[in-house]
Amino acid sequence: FQAPDPASRVTFVFTFVHAAAMGSSDCLDSAITWADLARQELLHRGGYECQEVGEGNFMLAFDNVPAAVVFCAEAQRRVSESGEDKRIGVAMGVASGVPAYGKPHSKTGRQDYFGKVVNLAARVAKRAKPGQVLAALTQQDTQKWPQGLAIHNMGKMAFKGIGKRTEVYQVG
């Protein structure tokens, strides 16, 4: 899959792995299992892996919101079905918009993106609890919602470095 064009609207997903109180080798094994599950689901959903920062902590890009939120819901379901949710929880955040710019990552060569929308996606993910998917969405995004996927309005939230309060939804 090709990286989404940084001059157009891109939907970003950040994932952060939270370890349960277990031995570090158990948590590392679970994070590796999560990373494998995430990459399989990413291929199936047409997403692009921009970077992995630490085991299982991803910055991902999608061409549209529906593909991104279905990825998140399915990836969370697969973690639960695998039993890894007893050892780790994955918090996910989604935001969509036109990035300020994109360029190849200096070490990996993979497309990297910069700007307020990227920062928003990361901050939304940091606000999510383990096992939770939060998404900063517009009214237009919710009108193109994937059938059968639950969505709950959490209200407007403030995020550091983001000028206005942002409407946030819980997915799934």
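Rules and cut-offs
- Residues numbered from 1 in each chain as written.
- Predicted model: local features only at pLDDT ≥ 70, side-chain atom pairs only at ≥ 80, totals over all residues.
- Heavy atoms only, no water.
- Phe/Tyr/Trp six-rings, centres within 6.5 Å; stacked < 30°, edge-to-face > 60°.
- Buried < 20%, exposed > 50% of the residue type's maximum accessible area, 1.4 Å probe, protein only.
- Helix = DSSP H or I, 4+ residues; strand = E, 2+ residues; numbered from the N terminus.
- Polar contact = N/O pair within 3.5 Å; in protein donor to acceptor, adjacent residues only side chain to side chain.
- Contact = heavy atoms within 4.5 Å.
- Salt bridge = Lys/Arg side-chain N within 4 Å of Asp/Glu carboxyl O.

Chemist: How should I be thinking about the packing of aromatic side chains in this particular structure?
Modeler: Pairs of aromatic rings are described using the distance from one ring centre to the other and the angle between the two planes. Scanning the model with the defined rule gives 5 aromatic pairs in all. Look at F14 and F16: their rings are 6.4 Å apart centre to centre, the planes differ by 20°, and that puts the pair in the stacked class. The same class applies to F14 and to F16, which are both buried.

Chemist: Please explain the side chain of Q132 as it appears in this structure.
Modeler: Note that Q132 resides in the loop between helix 3 (116-127) and strand 7 (133-136). At a separation of 2.8 Å, a polar atom in the side chain of Q132 contacts the main-chain amide nitrogen of K129. In this structure Q132 touches Q76, V90, A91, M92, R127, M154 and Q170, once residues within four positions along its chain are discounted.

Chemist: Could you clarify how one ought to interpret the pattern of salt bridges in this entry?
Modeler: Proximity of charged atoms lets side chains of opposite charge pair with each other. Scanning the entire structure with this criterion turns up 7 salt bridges. Ionic pairing is found between E49 and R39, a salt bridge with its closest N-O pair at 2.8 Å. Of the two residues, E49 is situated in strand 2 (residues 48-52) and R39 in helix 1 (residues 24-45); the sequence distance between them amounts to 10 residues. According to the relative accessible area criterion, E49 is buried, its value standing at 15%. A salt bridge links E41 to R45, with the shortest nitrogen-to-oxygen separation between them at 2.7 Å. Of this pair, E41 and R45 both sit in helix 1, 4 residues apart, which is roughly one turn of that helix. Judged by its relative accessible area of 27%, R45 falls in the partly exposed class. Linked through salt bridges whose partners overlap, the residues forming this network are R39, E49 and E52.

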